[in-house]
There are 2 protein chains.
Amino acid sequence: MQGMSKRHAFDAAIALQPQGGGLFQGATSPAYANMIGPFGGITAAQVLHAVMVHPHRQGVPVALTVNYAAAVADGRFVVHAHPVRTNRSTQHWMIELRQQDHVVITGTALTALRRQTWGGHEITMPQVPRPDQVPEASGRIGSAWIERYEWRMIEGGVPQVWDGRGQDASVTRLWVRDQPPRPLDFEALASLSDVFFPRIWLRRATIVPVGTVTLTIYFHADEQTLAQAGTGYVLGQSRGSGMRNGYFDEQAHLWSESGELLVTTHQMIYYKE
Amino acid sequence: MQGMSKRHAFDAAIALQPQGGGLFQGATSPAYANMIGPFGGITAAQVLHAVMVHPHRQGVPVALTVNYAAAVADGRFVVHAHPVRTNRSTQHWMIELRQQDHVVITGTALTALRRQTWGGHEITMPQVPRPDQVPEASGRIGSAWIERYEWRMIEGGVPQVWDGRGQDASVTRLWVRDQPPRPLDFEALASLSDVFFPRIWLRRATIVPVGTVTLTIYFHADEQTLAQAGTGYVLGQSRGSGMRNGYFDEQAHLWSESGELLVTTHQMIYYKE
């Protein structure tokens, strides 16, 4: 029956062909296209996927850093995922994505065998309305990747009027999930870590040209957490901290619908103004 | 007269001998020893220094990720800093630190030519007493590196009693600077990004074995900011967000004494309990 079920766009987008020696061939996905090149989140998911399908992987992702060294061109790419250090319970990866032999993306990842310990989250999910109490966003700006997600904006949406009268704070809170729903996995979390529109748009109420230059994701979720989260919504909360001379940072947290912390993530973004 | 002035311990610790081809030889510094191996901050400063002294470097650091793949052994090491992509205004680096041909540290860095733009910080320096109003900490636990800094703890210090009765929140605020004072540079900021004792000690009031596995630093400061900050104190504020199954994260901000945001930093830490 498998041949009859249509593959989810996300699975199609992150699919890689093993070439041996830690090399994997993939291609950009028109379904996840951004204004220029692909959505940064899908690129992060693709490079993480190379680690996930690597035959020597040990454990699950704990940390991932993805550096956007150049624009990813539409078309094929090769990812090289290399486990440079394997310890008893941790494994460190270096990753490169190349197009026509030029480095386009670099990254590092840490996978680990996690064992049960005391735990306690200090940043708790904010009190927000349930997903079904928040209207689904429609009439979004026209990048393909935005259609791949279902959006329920709680606060801090894209400015309604681009009048240059920005606000002092840039907090965004939203419910989001794959459209159509798909069970959460690490690659999905990597992609979801990049769904927040750039904080500077809220601060300036102007479409400032921007581009993520580096993205780091810390996975609090393990396989058990993911299984519990299933196809539920994810609550995302993002804010900026500093904007100066061409670069600003954002941080975000992702929680499962039931309030489990899934991800802490940070990125540095280039802006031109 | 230069020969008569004693080199600062920090400059001695980060000193590297170029070997050609982006290879630099260095050594751990007893002055920055931690309980086991060196202080993680000095290792971050050493690998960043390899980028800073690389003859092909373009621009100043914007982001740095350092992965602690294994314990750094006392003694010599070789750092390889490699500019894998150089664009018009940005340059992406991959970094490896090796000992006896084993990878011990991996990292990536972004340097950039920064130009003046609109800016605006959203996370502002908290209202705290001036450094001279905060008593200098004394009688610190006995790692050498701690003596290399002057500490003025405002709140959230190391628990006075290790009675297992931790607290819900883990915010630490402190004034800190090199001891003796030394003008701030990027390497100093890299090291200062790791001065916060592990958040889990505050949460648990127990000496839980810990080790940073990955550290990311975003530099808001450029050369002008650093020149203005000079040898002044740095205000650091740190807190945790999630602790689960062997790993927790911390985030911190560093400000100059006059309130300029210098750094946003995050790390993921292994713990055993």
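The preceding data block contains the structure.
Residues numbered from 1 in each chain as written. Chains lettered and ligands numbered in written order. Predicted model: local features only at pLDDT ≥ 70, side-chain atom pairs only at ≥ 80, totals over all residues. Heavy atoms only, no water.

Caption draft 1: Structural detail: the overall build of chain A. The number of helices and strands found in chain A is five helices and 12 strands. Its C-alpha atoms give chain A a radius of gyration of 18 Å, within 12% of the compact-globule value 19 Å for 273 residues. On the principal axes, the C-alpha backbone points of chain A span a range of 55 × 45 × 45 Å. When each of the 273 residues of chain A is scored for burial, the buried share is 59%. (Helix = DSSP H or I, 4+ residues; strand = E, 2+ residues; numbered from the N terminus. Rg over C-alpha atoms; globule rule 2.2 N^0.38 Å. Buried < 20%, exposed > 50% of the residue type's maximum accessible area, 1.4 Å probe, protein only.)

Caption draft 2: Representation of the relation of the copies chain A and chain B within the structure. Overlay of chain A on chain B (RMSD 0.0 Å): rotation 180°, translation along the axis 0.0 Å. Given the turn and translation reported, the copies of this chain are related as if by a two-fold rotation axis. Taken as a fraction of all interface residues of chain A, those also at the interface in chain B reach 100%, which identifies the copy contact as same-surface. (Least-squares fit on C-alpha atoms with pLDDT ≥ 70 in both. Contact = heavy atoms within 4.5 Å.)

Caption draft 3: Local environment of the interface of chain A and chain B. Listed per partner, the contact involves 72 residues of chain A and 72 residues of chain B. Between chain A and chain B, a total of about 6,000 Å² is buried, with carbon and sulfur atoms accounting for 51% of that surface. It is Trp118, Glu122 and Arg244 of chain A in chain A that bury the most area against chain B; as a group they hold 14% of the surface buried on that side. Our count for the contact surface shared by chain A and chain B stands at eight salt bridges. Across the pair Arg244 of chain B and Asp222 of chain A runs a salt bridge, and its minimum N-O distance is 2.8 Å. Summed over the shared surface of chain A and chain B, the number is 49 residue pairs in polar contact (both at pLDDT 80 or more). (Buried area = accessible area lost by both parts, 1.4 Å probe. Salt bridge = Lys/Arg side-chain N within 4 Å of Asp/Glu carboxyl O. Polar contact = N/O pair within 3.5 Å; in protein donor to acceptor, adjacent residues only side chain to side chain.)

Caption draft 4: A look at the pattern of salt bridges. Residues and elements named next belong to chain A. One pass over the full model with this rule turns up 30 salt bridges over all chains. When the shortest N-O distance is used, the salt bridge between Glu150 and Arg177 registers 3.2 Å. Highlighted residues: Glu150 in strand β7 (residues 149-155) and Arg177 in strand β8 (residues 172-178), separated in sequence by 27 residues. Linking Arg182 and Asp185 is a salt bridge whose minimum nitrogen-to-oxygen distance equals 2.7 Å. Using a relative accessible area of 8% as the deciding quantity, one classes Arg182 as buried. The network of salt bridges with shared partners includes Glu136, Glu150, Arg152 and Arg177.

Caption draft 5: Local environment of the sheet that holds strand β10 (residues 234-244) of chain B. Residues and elements named next belong to chain B. Overall, antiparallel pairing links the 12 strands, which are arranged β1-β2-β4-β5-β6-β3-β9-β12-β11-β10-β8-β7 in an open sheet. Each of the sheet's edge strands pairs with one partner strand only, and the pair in question is β1 (17-20) and β7 (149-155). Each neighbouring strand pair of the sheet contributes to a mean axis angle of 25°, computed without reference to strand direction. Where strand β2 (residues 23-27) meets strand β4 (residues 76-86), five bridges bridge the pair, whose relative direction is antiparallel. Bridge assignment links Ala27 to a residue of β4, and that residue is Arg76. Docked against the sheet, helix α2 (residues 40-52) engages β2, β3 (60-68), β4, β5 (90-99), β6 (102-112) and β9 (210-219), running at close to 130° with respect to β3. (Pairing = 2+ DSSP bridges. Axes fitted to C-alpha atoms, helices over the stretch in contact; angles between N-to-C directions.)

Caption draft 6: Inspection of the side chain of Thr65 of chain A at higher detail. By the element assignment, Thr65 of chain A lies in strand β3 (residues 60-68). With a relative accessible area of 2%, Thr65 of chain A lands in the buried category. Of the polar contacts made by the side chain of Thr65 of chain A, one reaches the side chain of Thr216 of chain A; its length is 2.8 Å. The residues touching Thr65 of chain A, leaving out its near neighbours within four places in the chain, are Thr106, Gly107, Thr108, Thr214, Leu215 and Thr216 of chain A together with Thr65, Thr108 and Thr216 of chain B.

Caption draft 7: Focus on the environment of Arg98 of chain A. All names here are of chain A. Within the secondary structure, Arg98 is located in strand β5 (residues 90-99). Along the sequence, Arg98 and Val78 sit 20 residues apart, while their C-alpha atoms lie 5.3 Å from each other. Each residue touching Arg98, except ones within four places of it in the same chain, is listed here: Phe77, Val78, Val103 and Val104.

Caption draft 8: Representation of the sheet that holds strand β6 (residues 102-112) of chain A within the structure. All names here are of chain A. If you trace the 12 strands from one edge of the open sheet to the other, you get β1-β2-β4-β5-β6-β3-β9-β12-β11-β10-β8-β7, paired in antiparallel fashion. Looking at strand neighbours, the two that pair on one side only are β1 (17-20) and β7, the edges of this open sheet. Taking each pair of neighbouring strands and ignoring which way they run, the sheet shows an average axis angle of 25°. As judged from the 10 bridges shared by β5 and β6, these two strands associate in the antiparallel manner. In the strand pairing of β6, Gln91 is matched with Thr111. Sitting on the sheet, helix α2 (residues 40-52) is in contact with β2 (23-27), β3, β4 (76-86), β5, β6 and β9 (210-219), with an inclination near 130° to β3.

Purely geometric stuff here, so don't read any function into it on its own.
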